[in-house]
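Analysis of the macromolecular model
Now for the letters of each chain:
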Amino acid sequence: MIDGTAQMEQSAVGSRPSADDGGLILEVEDVVRRFGGILAVDGATFDVAKGSVTALIGPNGAGKTTLFNVITGFYRGDRGSIRFQGQEIVRRPPYVIARLGMVRTFQITKALAKMPVIDNMMLAAPDQPGERLYNLVVRPAAARARERAVRARADELLAVFQLEKLAQEYAGVLSGGQRKLLEFARALMTEPTMLLLDEPMAGINPTLGARLLEHMHQLRAERGMTFLFIEHDMEVVMGQSDKVIVMAEGRVIAQGPPDEVRRDQRVIDAYLGGGAAIGSEPRR
Amino acid sequence: MTLPLGVTFDAFTDFGFWTSVGILAGTYVLFTLGLQLNVGYTGIVNFGQAGFMAIGAYAMGVLVVKAHWSFWLALPTAVFIAIGFGLLVGLPSLRLRADYFAIATIAAAEIVRITALNLRDVTGGNQGLFGFDESWNNLSDQITSWLESLGWSDPEQLFPLFIVVWVLALIATVLLHFATKSPWGRVLRAVREDEDAARALGKNTLAYKLQSLAIAATLGALAGFFVAINLNFLTPEAFLPAFTFIGYAVLVLGGLASYWGVAAGAIIMWTILEGTRFIDLPISAEREAAVRFMIVGLVLILLMAFRPQGLFGKKEEMVLGD
Amino acid sequence: MEARSIPSAAHLPLRERVRELPAVRWARLHPESAAAGVIGVLVLILIARHGLHDVAQTSLNGLTLGSVYALGAIGLTLVYGILKLTNFAHGDFLTFGAYMAFLVNVTWGGPLVLGILFGMLATALMAVFLEKIMWGPMRARGAGLLQLLLMSIGLAFLLRYTIQFIWGTKVRALDVNVTDSVEFLGLRIGRTELIVIGIGFVTLMAVGLMLKYTLLGKRMRALSDNFDLAETSGIDTSQIVLFTWILAGALAGLAGVLAAEVTNLRPEFGFALLLPIFAAVILGGIGDAFGALAGGIVLGLVTELSTLEIEPRWKTAVGFAVLIIVLFVRPQGIFGKATAI
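Residues numbered from 1 in each chain as written. Chains lettered and ligands numbered in written order. Predicted model: local features only at pLDDT ≥ 70, side-chain atom pairs only at ≥ 80, totals over all residues.

Some words on the overall build of chain B
- Helix and strand counts for chain B come out as 13 helices and two strands.
- Relative to its length of 322 residues, chain B is compact, with a C-alpha radius of gyration of 20 Å against a globular reference of 20 Å.
- Dimensions of chain B along its principal axes, counting C-alpha atoms only, are 60 × 50 × 40 Å.
- Residues classed as buried in chain B amount to 55% of the 322 residues present.
- Here the contacts in chain B between residues at least 6 apart in sequence split such that 75% fall between residues at least 24 apart. (Helix = DSSP H or I, 4+ residues; strand = E, 2+ residues; numbered from the N terminus. Rg over C-alpha atoms; globule rule 2.2 N^0.38 Å. Buried ≥ 20, exposed ≤ 12 C-beta atoms within 10 Å, placed from the backbone. Contact = placed C-beta atoms within 7 Å.)

Notes on the overall build of chain C
- From N to C terminus, chain C includes 13 helices and two strands.
- Whereas a compact globule of 341 residues would reach a radius of gyration of roughly 20 Å, chain C reaches 21 Å, a difference of no more than 12%.
- Dimensions of chain C along its principal axes, counting C-alpha atoms only, are 80 × 55 × 35 Å.
- Counting all 341 residues of chain C, 47% fall into the buried class.
- Of all intrachain contacts in chain C linking residues separated by at least 6 positions in sequence, the fraction that spans at least 24 positions is 75%.

Considering the interface of chain A and chain B
- Of the residues lining the interface, 27 residues belong to chain A; the matching set on chain B comes to 22 residues.
- Its residues assigned to classes, the side of chain A that touches chain B comprises 16 nonpolar, three polar and eight charged. (Nonpolar A, V, L, I, M, F, W, Y, C, P; charged D, E, K, R; others polar.)

Re the sheet that holds strand 2 (residues 38-49) of chain A
All names here are of chain A.
- Taken together, four strands build an open sheet; the order of strands is 2-1-4-5 and the sheet is antiparallel. The strands lining the two open edges of the sheet, one partner per strand, are strand 2 and strand 5 (87-88).
- The pairing of strand 1 (residues 24-35) with strand 2 spans nine bridges and is classified as antiparallel. What sits directly across from Leu24, in strand 2, is Ala49. (Pairing = 2+ DSSP bridges.)

So, the interface of chain B and chain C
- Taken together, the 35 residues of chain B in the interface contact 34 residues of chain C.
- Of all the secondary-structure elements, those providing two or more residues to the side of chain B that touches chain C are helix 3 (71-93), helix 4 (98-118), helix 11 (241-254) and helix 13 (285-306) of chain B.
- When residues in the side of chain B that touches chain C are grouped by element, the largest group, 13 residues, is from helix 13 of chain B.
- Across the side of chain B that touches chain C, the residue classes break down as 26 nonpolar, four polar and five charged.

A closer look at the sheet that holds strand 3 (residues 53-57) of chain A
Residues and elements named next belong to chain A.
- Strand order in the open sheet formed by six strands is 6-7-8-3-9-10, with mixed pairing between adjacent strands. Either end of the sheet is taken by a strand with one partner, and the two such strands are strand 6 (102-104) and strand 10 (251-256). Across the sheet, the mean angle from the axis of one strand to that of its neighbour is 15°, orientation sign disregarded.
- With five bridges joining them, strand 9 (residues 243-248) and strand 10 adopt antiparallel strand pairing. In the strand pairing of strand 10, Ala248 is matched with Arg251. (Axes fitted to C-alpha atoms, helices over the stretch in contact; angles between N-to-C directions.)

Let's talk about the packing of helix 11 (residues 269-284) of chain C against helix 13 (residues 315-329) of chain C
All names here are of chain C.
- Contact geometry of helix 11 with helix 13 gives a least axis separation of 9 Å together with a crossing angle of 30°. Classified by the angle their axes make, helix 11 and helix 13 are roughly parallel. Crossing handedness for the pair helix 11 and helix 13: left-handed. Residues Leu275, Pro276, Phe278, Ala279, Ile282 and Leu283 of helix 11 lie in contact with helix 13, whose contacting residues are Gly319, Phe320, Val322, Leu323, Val326 and Leu327.
- Of the residues in the contact of helix 11 with helix 13, the class split is eleven nonpolar, one polar and no charged. (Parallel < 35°, antiparallel > 145°, perpendicular 65-115°, else oblique. Left-handed = near helix turned anticlockwise from the far one by under 90°.)

Points about helix 2 (residues 49-65) of chain B
- In this model helix 2 of chain B runs 24 Å from its N-terminal to its C-terminal C-alpha over 17 residues, within 8% of the 24 Å that 1.5 Å per residue would give.
- Most of helix 2 of chain B is tucked away: 17 of the 17 residues are buried. (Expected span 1.5 Å × (residues − 1).)

Topic: the nonpolar core
- Counting residues in hydrophobic clusters, the biggest one holds 293 residues, and the most contacted among them are Met60(B), Ala249(B) and Leu300(B).
- For this core, the leading source of residues is helix 10 (residues 205-231) of chain B, giving 15 residues. (Core = buried A, V, L, I, M, F, W, Y, C linked by C-beta atoms within 7 Å.)

Notes on the environment of Arg83(A)
All names here are of chain A.
- Looking at the element boundaries, Arg83 is found in strand 4 (residues 79-84).
- Spatially, the C-alpha atom of Arg83 lies 29 Å from that of Leu182, the residues being 99 residues apart in sequence.
- With sequence-adjacent residues up to four places away left out, Arg83 is seen in contact with Glu27, Glu88 and Ile89.

Points about unusual backbone geometry
- Here Glu249(A), not a glycine, exhibits a phi torsion of approximately 50°, which is positive.
- Inspection of the secondary structure assignment puts Glu249(A) in the loop between strand 9 and strand 10.

Here we look at the pairing of strand 4 of chain A
Residue and element names in this part refer to chain A.
- Burial runs high along strand 4: five of the six residues are buried.
- Judged from the five bridges that link them, strand 1 and strand 4 form a sheet pairing that is antiparallel. Residue pairing in the sheet places Glu27 in a bridge with Arg83 of strand 4.
- As paired elements, strand 4 and strand 5 share two bridges and run antiparallel to each other. In the sheet register, Arg83 faces strand 5, and the bridge partner there is Glu88.

Side note on helix 5 (residues 112-140) of chain C
All names here are of chain C.
- Taking 1.5 Å of rise per residue, 29 residues should cover 42 Å, and helix 5 covers 40 Å from first to last C-alpha, within 8% of that figure.
- Glu131 marks where helix 5 bends most, by close to 50°.
- Positive phi appears at Gly142, one or two residues downstream of helix 5, with a value of about 75°. (Bend = angle between axes of the 7 residues up to and from the residue.)

Observations concerning the confidence of the model for chain C
All names here are of chain C.
- Per-residue confidence for chain C gives a mean pLDDT of 87; residues scoring 70 or more make up 94%.
- In the predicted structure, residues 1-8 sits below a pLDDT of 50 and forms 15 contacts with residues beyond four places in sequence or in another chain.
- Scored as a whole, the predicted complex attains pTM 0.88, and scored at its interfaces, ipTM 0.87. (pLDDT = per-residue confidence, 0-100.)

Quick word on the environment of Gly110(C)
Residues and elements named next belong to chain C.
- Mapped onto the elements, Gly110 comes out in the loop between helix 4 (90-107) and helix 5.
- Residues Gly110 and Glu16 lie 94 residues apart in sequence; the distance between their C-alpha atoms is 60 Å.
- Filtering out sequence-adjacent residues up to four positions away, Gly110 remains in contact with Val104, Asn105 and Gly115.

Regarding the environment of Gly61(A)
Residue and element names in this part refer to chain A.
- For Gly61, the location among the structural elements is in the loop between strand 3 and helix 2 (64-71).
- For Gly61, a count of 15 C-beta atoms within 10 Å gives the class partly exposed.
- A C-alpha to C-alpha distance of 27 Å links Gly61 and Leu112, two positions 51 residues apart in sequence.

Section: the pairing of strand 1 of chain A
- In terms of burial, strand 1 of chain A is largely enclosed, as nine of its twelve residues are buried.
- Hairpin connection of strand 1 of chain A to strand 2 of chain A: two residues between the antiparallel strands, including Gly36(A) at a positive phi of 60°.

Some remarks on the packing of helix 3 (residues 31-83) of chain C against helix 10 (residues 237-262) of chain C
All names here are of chain C.
- Interaxial distance between helix 3 and helix 10 falls to 9 Å at its minimum, and their mutual angle equals 160°. Here helix 3 lies roughly antiparallel to helix 10, going by the angle between them. When you trace helix 3 past helix 10, the crossing you get is left-handed. Across the interface between the two elements, Thr64, Ser67, Val68, Leu71, Gly72, Ile74, Gly75, Leu78, Val79, Ile82 and Leu83 from helix 3 touch Val241, Thr244, Leu247, Ala248, Leu251, Ala252, Leu254, Ala255, Leu258, Ala259 and Val262 from helix 10.
- Split by residue class, the contact of helix 3 with helix 10 holds 17 nonpolar, five polar and no charged.

See below:
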């Protein structure tokens, strides 16, 4: 396990200075999540390097989305430690984790259907004085100015993903693929340090999908943004990621560069054992 | 004109009748604006609004009558107490799902009412609390003089109350209108749409829900003051859960996403409710009272069955269906 | 590599830290024992302060109240579990049942037994009628939960005030013996109260046996537990739904009559009972019929026992306070399963 021994020697309490120790932005250790009698996540341990693109794969029911939920605070982990940029975040509320810079998207998109696309986008921008009642009364000019800036940024991002014509439409009328793009664009509005994407490519046509990936690499290169995504499309996984983490039955069974992982016997067994071969997972 | 069975419509031409209806409607606009912010904009089902009304009214009444505070000091203090109670109830219960939150708020409201009923020494219990409206009467007289100076001879006695209620209702409507169009309002709507999405974007949704509840508490307390002044005395009977449900009937009548709908719904509802009081049907007063509430129930059922977006709501923005 | 348990909780909010205290963790894992323990300790404290006789005497009153709560709660919880409907009109089912019994027992002068049976039958029929013309069609249209909830409130108003229209607000009473009392073990209980406890417990046992051992009962519990799963296993859901309403209506009607035997009849009395019944349902774990039964009895006992410490007129507030405490501490109830966050 990469850096496993180094982790054991570190103390757990409180936050350590900056994220440059070993360049790890996310350290997950022995995370357990139980539902009734079932161990959905059974001692997952892995880490993610700053500025990397990492894929999380595994057969259906391996616990990938559950793990995302625990990492981002939507589920309460029963055990384990999760450190983001050196700070312990296990069981902190999801909005705190998002504000710390780790933002996630959802497998079944959460586009706010009865709100216009542009509102979806503008909602996500950080540091909006207009979101506090106090500022609306006492500093309205600052609120208005930021709102204009947010609007400009939102229009910019929508254009990148060719959604600008839909800005005034209710998000509910968008197609599935468009909603995935909206959710990605919306997540980018938050100016995150690390993005956790749950099946970002599902339902998107190849051209736009390529754009999304291009944008991802651009953000990584220009801003050092880190990406961790769950995907079933093996071409994307093998072709785009620096590191692949494989889960099966709640456990991390392998992690490393794509070529290494794809040849790992345990990984092959996990997929074949589940009745599927690597690369032939159906897209949902 | 007298119809068969002795039904008369004389009341409908009586200015006093319409003033009375107007006061009740205006009070309910304030009351229901709080519900609309909660249900229509934030997605929280607050069934305890009558409790906030009770706290506002009783806090004001007790401070004036028992503690001899100035009326004008007691009013804002009572509002703060109502807000405090709202936060106290909201903090633990807003993390519950919608129907549990609704039940928790009714329970909280009933605890308030039972306390008002049983703390007889302080609140007067069922006997009622009197004597808090002296300052109001002075203000009312001043307004009456002002109206007379404008040329209106012998204005209706309750008209000053009508004016004050509707001025406040309009101010509240305008303020809420701007607040909900702001970025703050945008977060509220996101909380209603999908709370997890809002949290994933870094919004502290609990804080927003608490603010929504606190504003509803303020509006409820204001409505409580007007109920107290209108009745001239305070009794726990005026704050039964039934009144919260009437507020909901007004809300769904007017359409959940429309402010003018709240005003229209309130006027329609109270015209119906008060109107049946003045039509001289040949049945006992008790039965007339029963009929009024039967109508409220029927309105709720029929609206939910056939027009859940209310008279003025849009089907696309329908908040009630999941 | 040795597995580490959770790191120090210093960075977590207060609520999380309380959850991790050893005593609290044990209670979370063993809720029934923890609840029994808490109640046991409270009862012991009361016995120490007031003596066994007073506590036992008050407990008898508590059992009377508890039977009413339990009978009302079972119907409410099953309707919720199977139909996901929070039926605010359930309290008025109790009122309806009581007034139907009044019709037979007082207006027509029949025996009380007939009144009880008629009350149960009439309420069951009304419940089925409402399912046919209202709940069924609304579900078929895909009505939302809040929509149905508001509709049930409208129904509650309609029921209660129709009753008030017909019978007025005058307080009425069933033709029962309110003076005779029975003595045993040094405790005194009114004959009528004893009958209420008797009928209540026999019915609760019968319902409990039905739910546990009959095919119908098992199917009802399966549907209440997980509707979709049970449906796919071939159960005729519409038939079960019908039986659920019949049972809920009959039990509510019985609860109403029994309550009317020991108190009085007013149009609002059912709604006044609704909140404590909700409390019993939530205490026991919503959707769980046995939990509702236990919750009802416990709530009745707690409400009555509280009068040893506080003035009786505050009794009703106790039910609400219990409700709020349960919602804050363990919303899934004593017997409910823990859910994600």
